[in-house]
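Summary of structural features
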Amino acid sequence: MSNIFSFNGAEESGYSQPYPIADAEQAKATIPTNLLRKERAGWPTASEPELVRHYTWLSRRNFGIDTGFYPLGSCTMKHNPRINEKIVQLAGMNDIHPLAPENHLQGLMSIFFEMQEMLAHCAGMDAVTLQPVAGAQGEFTAIRCIQEYHRMIGEEHRDKVIVPDSAHGTNPASAAMCGYSIIEIPSGEDGRLDLDALRAVVGEDTAAMMITNPSTLGVFEPDIAEAAKIVHEAGGQMYYDGANFNAIIGRTNPGLMGFDAVHYNLHKTFSQPHGGGGPGSGPIGVKEHLAEFLPSPIVSRRPAEEKEIGACDGWWYTWQKPEKSIGKVQQWHGNAGAVVRSWAFYRRYGKDLTTMSEHAVLNANYLRYKIMNPEPEVLEKIHAMPVDGCPAEVVKHEFTLSMSPLVDAVGVNGKDVAKRLLDYGYMAPTLYFPMIVPECLMIEPTETESKEELDLFAENFHKVLSDDPEILTSAPHNTDVKRVDEVWAARNLILRHTDE
Ligand SMILES: Cc1ncc(COP(=O)(O)O)c(C=O)c1O
């Protein structure tokens, strides 16, 4: 594998000094001699064309939403509109220091304020903090607020958090990090929340229930208001995992369903680019009774005084720390760039967010239908059809497929299908999650894919299901890195480039 050091030896440098050499010599003269390098630093040297080719080559080795269809369920990998990038790169957003005083930041703070308001509005919450930088961090932050609330009302004995068995792993992990024990409840036969199972576990020790709606099976929980009633009557709080908000935004909201706290994944619903661990943003929204525990800073505003230069539209914005704040969960003001991009996205869509979620749902149902109903001549070539992960006739923004029939028919499993899809130029769907669906593939097309792209994916998916089993079990074949042994790789991490 080539890397930038392989160009070493070239005389040229891709970097041009922006100042005359005389200045460089002068600058050098100001550095104490004992701090000057005795020999070259060993940086790679490459000419400008070599450098450009190197980075272009590297970028081509990546797979991203800009290179192809990315149906990664529960991740909402949608197109990131370029207008967001333009706005975040304006000097007033990009060139400011986090320590800049309030009177230098009024424009950015007005955006933060507006974003807090818009997020509160769309989720039916009363207050928002933009601090957390991931969904999981939002979960932790909100559960800590709930914990402080229970302490304040003398109910700190509540030490259990309930999660359905279809929950994302971060839900129980976040609650456990706050010191709670986790109670998992099984889903009903229809893949939905089982109210009897919930009734059987709620009680005086219930601190909260964490749930996403639609669930990770892609189905809406029709009994969610009843579930909230059961939990509230027992004195617990309801937490909404907003990873699947793309399915319902504009149509309904967690506040109406009875939730007390929610996180938003700006990097999913609100088009902040993501993948590979970042960058993300997971603001949380809460109802009034939890607002005083939110982490700081929160932006508030008052009418500007005449002498206040730099005020925005007659308002003066200030950073606030809520009275009983749990403290900071992130340095500075959270992931400010992500907030600005998502603010641009939100402002552009406005009320059309409803249409956006409707298209996301339409695309998921269309693709599910296309995959599950191949033409007879296609069907006869397929080794075995997958089983739909959920019996619901209509799903929301994503669906799950069990590859178990393939295992029985030809010994090919979900992982083999996922790996083979890479050969056809796709990112693999989410694999083996939720765990209640055996050999699960979870597919979320999002609203930004065209009908043609979905048709092509269904066609290629069928081709994969009819490929020679040996090709499937040894896939991928067309990628730079072929089939890897994940267990070996996880236990023998090689984090440094070697020339072998
Ligand atoms: C259902 C669900 N909840 C929570 C999370 C955690 O979000 P994040 O990756 O931003 O920490 C995810 C992430 O994919 C998810 O799918």
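Residues numbered from 1 in each chain as written. Predicted model: local features only at pLDDT ≥ 70, side-chain atom pairs only at ≥ 80, totals over all residues.

**Some remarks on the packing of helix 6 (residues 135-152) against helix 7 (residues 170-177)**
Put simply, helix 6 and helix 7 touch, their axes get as near as 9 Å, and they point 40° apart. Considered as vectors, helix 6 and helix 7 are oriented oblique to each other. In terms of crossing hand, the pair formed by helix 6 and helix 7 is right-handed. Of helix 7, the residues touching helix 6 (which contributes Gly135, Ala136, Glu139, Phe140 and Ile143) are Thr170, Asn171, Ser174, Ala175 and Met177. Of the residues assigned to the contact of helix 6 with helix 7, the class counts are five nonpolar, four polar and one charged. (Axes fitted to C-alpha atoms, helices over the stretch in contact; angles between N-to-C directions. Helix = DSSP H or I, 4+ residues; strand = E, 2+ residues; numbered from the N terminus. Parallel < 35°, antiparallel > 145°, perpendicular 65-115°, else oblique. Left-handed = near helix turned anticlockwise from the far one by under 90°. Contact = placed C-beta atoms within 7 Å. Nonpolar A, V, L, I, M, F, W, Y, C, P; charged D, E, K, R; others polar.)

**Let's talk about the environment of Asn171**
Note that Asn171 resides in helix 7. Residue classification places Asn171 among the buried positions, given that 26 C-beta atoms sit within 10 Å. With 116 residues separating them along the chain, Asn171 and Lys287 place their C-alpha atoms 20 Å apart. The contacts of Asn171, once residues within four sequence positions are left out, are Glu139, Val163, Met210 and Asp241. (Buried ≥ 20, exposed ≤ 12 C-beta atoms within 10 Å, placed from the backbone.)

**As for the site of the ligand**
Surrounding the ligand, one finds 14 residues, the nearest of these being Ser74, Gly135, Ala136, His168 and Ala243. Looking at side-chain class alone, the shell around the ligand contains four nonpolar, nine polar and one charged residues. (Near = placed C-beta within 6 Å.)

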